[in-house]
Amino acid sequence: MKSVKDKLVLVTGGGSGIGRLMALDFARRGGRVVIWDLSQKAIDQAVEEARKEGLEISGMICDVTNRLAVYSCAETLTGRAGPVDVLVNNAGIVNGKTLLDTADENIEKIMDVNSLSLFWTAKAFLPSMLERNTGHIVTVSSAAGLVGISGLADYCASKFAAFGFNEAVRMEMRRLRSRVRTTVVCPFFINTGMFDGVKTRFPLLLPILKPSYAASKIVKAVLKNRKCLIMPRFVYSIFLLRLLPVSVFDFIADFMGVNRSMESFRGRS
Ligand SMILES: NC(=O)c1ccc[n+]([C@@H]2O[C@H](COP(=O)([O-])OP(=O)(O)OC[C@H]3O[C@@H](n4cnc5c(N)ncnc54)[C@H](OP(=O)(O)O)[C@@H]3O)[C@@H](O)[C@H]2O)c1
C-alpha cells in the first residue's frame, strides 16, 4: 500500500457526504487535505470535525463547474501548498426526474458538475503530476455509470461520461508510460441523503451502502492503486450480463428492481 503521509490530497465536494468522510480518512493517514465545495458552512463543518480529532483540513469555496474558478483556485492552492498529489473528483449532483420532467438547465448543470468538471480539474493538476511523474486522479462515477436506470437519464449519462473519461485518461497515462495512477469508483446507492428514498429490491445482493464503508473502501482502493472499484461486488455482474441479448439484459434489470428504484426517490430536502 502506498502512503499519503505529507501528500497533498484535494477532495472536490468534500464538504459533505462521502467526500467529507474521505477527506477525514486521508487526513488520519497523514495527508495534507484540502476540500473544495460550494458552501462555506459545509467547509467549516468539515474543518471543525477534523479539528476535534486533532487533524487539519483546509477548505476553499470552488465551484467545479466554473472552469476559470477551477484554474484560479488551483493556482492559489498550488502557490500555498505545492502540487496536488491526489485529486479526488467527488463533487456530484442528481436531479432524479424522468427525462421529460427534467428542465433543460438542470440537464446542463448535471453534465457540468458530474462530467465536464473532471476535465477542468485534470487540466489544472495533471501537468504537474506528469512533470513529477507521480500523482493519482480518482473519478467518482457510479453503478449508474455502468447501467442505465429509469428516472436517471441525465445522471447515468453524466456518470457513463465520467467512467469513459477515467478510462481514456488511464490509457493516455499508459501510452506516456507515466506513473500517474487513476482509480474509477462505481458505487451502488449510498446512504448520504443524495438519493434519499430510493429502494433496493434485493438488499442482500444490492445493499444501500453506508457512507463510512464506501468512503473507507475508496481510500483503500487509492492506497492500493486499484484501477477500478465497484461496490457492492454483485454490480460486477453487469459486465457478464452485457454479453446477453439486450432484451434479456433488460428483463434481468427489471427483475432486480433497477427500474423501479427511483419511484420512491425524494433526494435531499
Ligand atoms: N449517494 C449515492 O448514492 C451515490 C452513489 C454513487 C455515486 N455517488 C457519487 O458520489 C459522489 C459524492 O456523493 P454524496 O452521496 O457524498 O453526495 P453529497 O453528500 O451531496 O456530496 C456532494 C458534494 O458535492 C458538492 N458539490 C455539488 N456541486 C458542486 C460544485 N459545482 N462545485 C463544488 N462542489 C459541489 C456538494 O455541495 P453542496 O451540498 O453545497 O451542494 C456536496 O458537498 C458524487 O459524485 C455522487 O454522484 C453517490
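As the structure is a prediction and not an experimental result, all values here were calculated from the model.

Trainee: Looking at this structure, I do not really get the site of the ligand. What am I missing?
Mentor: Taken together, 29 residues lie near the ligand, and Gly 13, Gly 17, Ala 91, Gly 92 and Thr 192 sit nearest. Residue assignment for the shell around the ligand shows that the elements contributing at least two residues are helix H1 (17-28) and strand S2 (32-37). Considering every element that reaches the shell around the ligand, the biggest residue donor is H1, with 3 residues.

Trainee: What is the right way to look at the nonpolar core in this model?
Mentor: Side chains of nonpolar character tend, in soluble globular proteins, to be buried together. Counting residues in each nonpolar core, the largest one holds 70 residues, and the members touching the most others are Val 9, Leu 10, Met 22, Ala 23, Val 33 and Ile 35. Those residues in contact with Ile 35 that lie beyond four places of it in its chain are Val 11, Gly 14, Gly 15, Gly 19, Ala 23, Ile 43, Ala 46, Ile 57 and Gly 59.

Trainee: Can you walk me through the packing of H1 against helix H2 (residues 40-52) in this structure?
Mentor: In helix packing, the relevant descriptors are the interaxial angle and the interaxial distance, both defined with respect to the helix axes. Remark: H1 packs on H2, axes separated minimally by 11 Å, with the N-to-C direction vectors making an angle of 35°. In the crossing of H1 with H2, the sense of the turn from one axis to the other is right-handed. Across from Arg 20, Ala 23, Leu 24 and Ala 27 in H1, the residues of H2 making contact are Ala 46, Glu 49 and Ala 50. Counted by class, the contact of H1 with H2 contains 5 nonpolar, no polar and 2 charged residues.

Trainee: Mind showing me how you'd approach helix H5 (residues 153-175) here?
Mentor: Each turn of an α-helix holds 3.6 residues, which means side chains three or four residues apart point in the same direction. Given a rise of 1.5 Å per residue, 23 residues ought to cover 33 Å, and the 33 Å separating the end C-alpha atoms of H5 matches this to within 8%. Listed as buried for H5 are Asp 154, Tyr 155, Ser 158, Lys 159, Ala 162, Phe 165 and Asn 166. Those residues of H5 that are buried are in contact with helix H4 (104-132), strand S5 (136-140) and strand S6 (181-187). Two residues or fewer after H5 comes Arg 177, characterised by a positive phi angle close to 50°.

Trainee: How do you make sense of the environment of Ile 35 when you look at a structure like this?
Mentor: Take Ile 35: it is sitting in strand S2. Considered as a pair, Ile 35 and Val 11 are 24 residues apart in the sequence and their alpha carbons are 4.9 Å apart.

Trainee: Looking at this structure, I do not really get helix H8 (residues 246-255). What am I missing?
Mentor: Within H8, only 0 of the 10 residues are buried, which leaves the element largely exposed. Among the residues trailing H8, Gly 257 stands out with phi positive, at a value near 85°.

Trainee: Would you mind going over the packing of H1 against helix H6 (residues 211-223) with me for this structure?
Mentor: At a minimum axis separation of 9 Å, H1 and H6 run at an interaxial angle of 50°. As summarised for this structure, H1 and H6 are arranged oblique, according to the angle between their axes. Helix-helix and strand crossings are classified by hand; for H1 and H6 the assignment is right-handed. From H1, Gly 17, Ile 18, Leu 21, Met 22, Asp 25 and Phe 26 reach across to H6, where they touch Pro 211, Ser 212, Ala 214, Ala 215, Ser 216, Ile 218 and Val 219.

Trainee: Which parts of the structure should I look at to understand the pairing of S5?
Mentor: Both faces of the sheet carry side chains from a regular strand, because those side chains alternate between them. Judged by how many residues are buried, S5 sits mostly within the fold: 5 of 5 residues are covered. Considered for its hand, the β-α-β crossover made up of strand S4 (residues 86-89), H4 and S5 is right-handed. Relative to S6, S5 runs parallel, the two sharing 5 bridges. Bridge pairing in S6 places His 136 opposite Arg 181. Viewed along the sheet, the connection from S5 through H5 into S6 turns out right-handed.

What counts and how
Residues numbered from 1 in each chain as written. Predicted model: local features only at pLDDT ≥ 70, side-chain atom pairs only at ≥ 80, totals over all residues. Near = placed C-beta within 6 Å. Helix = DSSP H or I, 4+ residues; strand = E, 2+ residues; numbered from the N terminus. Core = buried A, V, L, I, M, F, W, Y, C linked by C-beta atoms within 7 Å. Buried ≥ 20, exposed ≤ 12 C-beta atoms within 10 Å, placed from the backbone. Contact = placed C-beta atoms within 7 Å. Axes fitted to C-alpha atoms, helices over the stretch in contact; angles between N-to-C directions. Left-handed = near helix turned anticlockwise from the far one by under 90°. Nonpolar A, V, L, I, M, F, W, Y, C, P; charged D, E, K, R; others polar. Expected span 1.5 Å × (residues − 1). Parallel < 35°, antiparallel > 145°, perpendicular 65-115°, else oblique. Right-handed = clockwise from strand over helix to strand, strands pointing away. Pairing = 2+ DSSP bridges.

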